[in-house]
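Here is what each chain is made of, one letter per residue.
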Amino acid sequence: MRFNLVRKPSFQLRISLLSSLFVSVALLGFGSISWWLIYQEKLNRIDDGIKNQLVREADRSHPPSHWQIYARILPTIFNTNTANLALLVQTPTGETVDLTPTWTAELSRQTVFASIHTTLPAAKLPPLNQRQTPSAQTSSPNRPQHQPIVMTSIGTWRVGTISSPHTRLAIAVNLQTIEPEMNGIRNA
């Protein structure tokens, strides 16, 4: 008489192992998708902040001293330190007005300003808003342009640019600003 020493695991053990495998996969999938969604939301927050600052600052003419003060205030706006922010301000002709020390040549090579297009006032049509003049239409800045991600030797940057008749402005935020928050989420 021969005995089979290797017995099949019981049905109950197989079901419990299979269900624990499914639960583990579901938890890993949920965690990964949640992390990715939170990361995308943080990127959108950075993009919105860049866009708001570009539109706000390029809308009117500023003296050169304004940009030095603005560069000092910018880290508080983005809730980060100065090492993670870069600012480039140029005249419409391309002459540099202000440049933060964190703005590198690599960022300059990969930053492209849109050309300024002026809109001509419509002929023989009254303006929709009586307070708006045709000269105000021609001085409005272009929409902010995003080069979504710029990789440099320092790190990965989110860059936005805008061109107006008054200035050409570029703001870059290093994505290391959100890494501590994302590490906390990843480790939780």
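On a predicted model such as this, the values are computed, not experimentally measured, just so you know.

A. Inspection of the nonpolar core at higher detail. Core analysis: the biggest nonpolar cluster contains 21 residues, and Ile50, Leu74, Phe78, Leu87, Leu169 and Ile171 have the highest contact counts within it. Elements represented by at least two residues in this core include exactly helix H1 (11–58), helix H2 (64–78), strand E1 (85–90) and strand E5 (168–174). At 6 residues, H1 tops the list of elements feeding residues into this core. In this structure, Leu74 is in contact with Gln53, Leu85, Leu87 and Ile171, ignoring residues within four places of it in sequence. Core analysis: the next-biggest nonpolar cluster, separate from the first, contains 10 residues, Ala86, Leu88, Ala170 and Ala172 among them.

B. Quick peek at the packing of aromatic side chains. As enumerated under the stated definition, the model contains 2 aromatic pairs in all. The interplanar angle of 10° and the centroid separation of 5.3 Å between the aromatic rings of Trp35 and Tyr39 together place this pair among those described as stacked. Of this pair, Trp35 and Tyr39 are both found in helix H1, 4 residues apart, which corresponds to roughly one turn of the helix. Ring geometry for Trp67 versus Tyr70: centroids 5.8 Å apart, planes at 85°, classification edge-to-face. With Trp67 and Tyr70 both in helix H2 and 3 residues apart, the pair spans about one turn of that helix.

C. Main features of the side chain of Arg158. Position of Arg158 among the secondary structure elements: in strand E4 (residues 156–163). Residue Arg158 is classed as buried on the basis of its relative accessible area, which comes to 10%. There is a polar contact of 2.8 Å between the side chain of Arg158 and the side chain of Asp47.

Rules behind the numbers
Residues numbered from 1 in each chain as written. Predicted model: local features only at pLDDT ≥ 70, side-chain atom pairs only at ≥ 80, totals over all residues. Heavy atoms only, no water. Core = buried A, V, L, I, M, F, W, Y, C linked by side-chain atoms within 4.5 Å. Buried < 20%, exposed > 50% of the residue type's maximum accessible area, 1.4 Å probe, protein only. Helix = DSSP H or I, 4+ residues; strand = E, 2+ residues; numbered from the N terminus. Contact = heavy atoms within 4.5 Å. Phe/Tyr/Trp six-rings, centres within 6.5 Å; stacked < 30°, edge-to-face > 60°. Polar contact = N/O pair within 3.5 Å; in protein donor to acceptor, adjacent residues only side chain to side chain.

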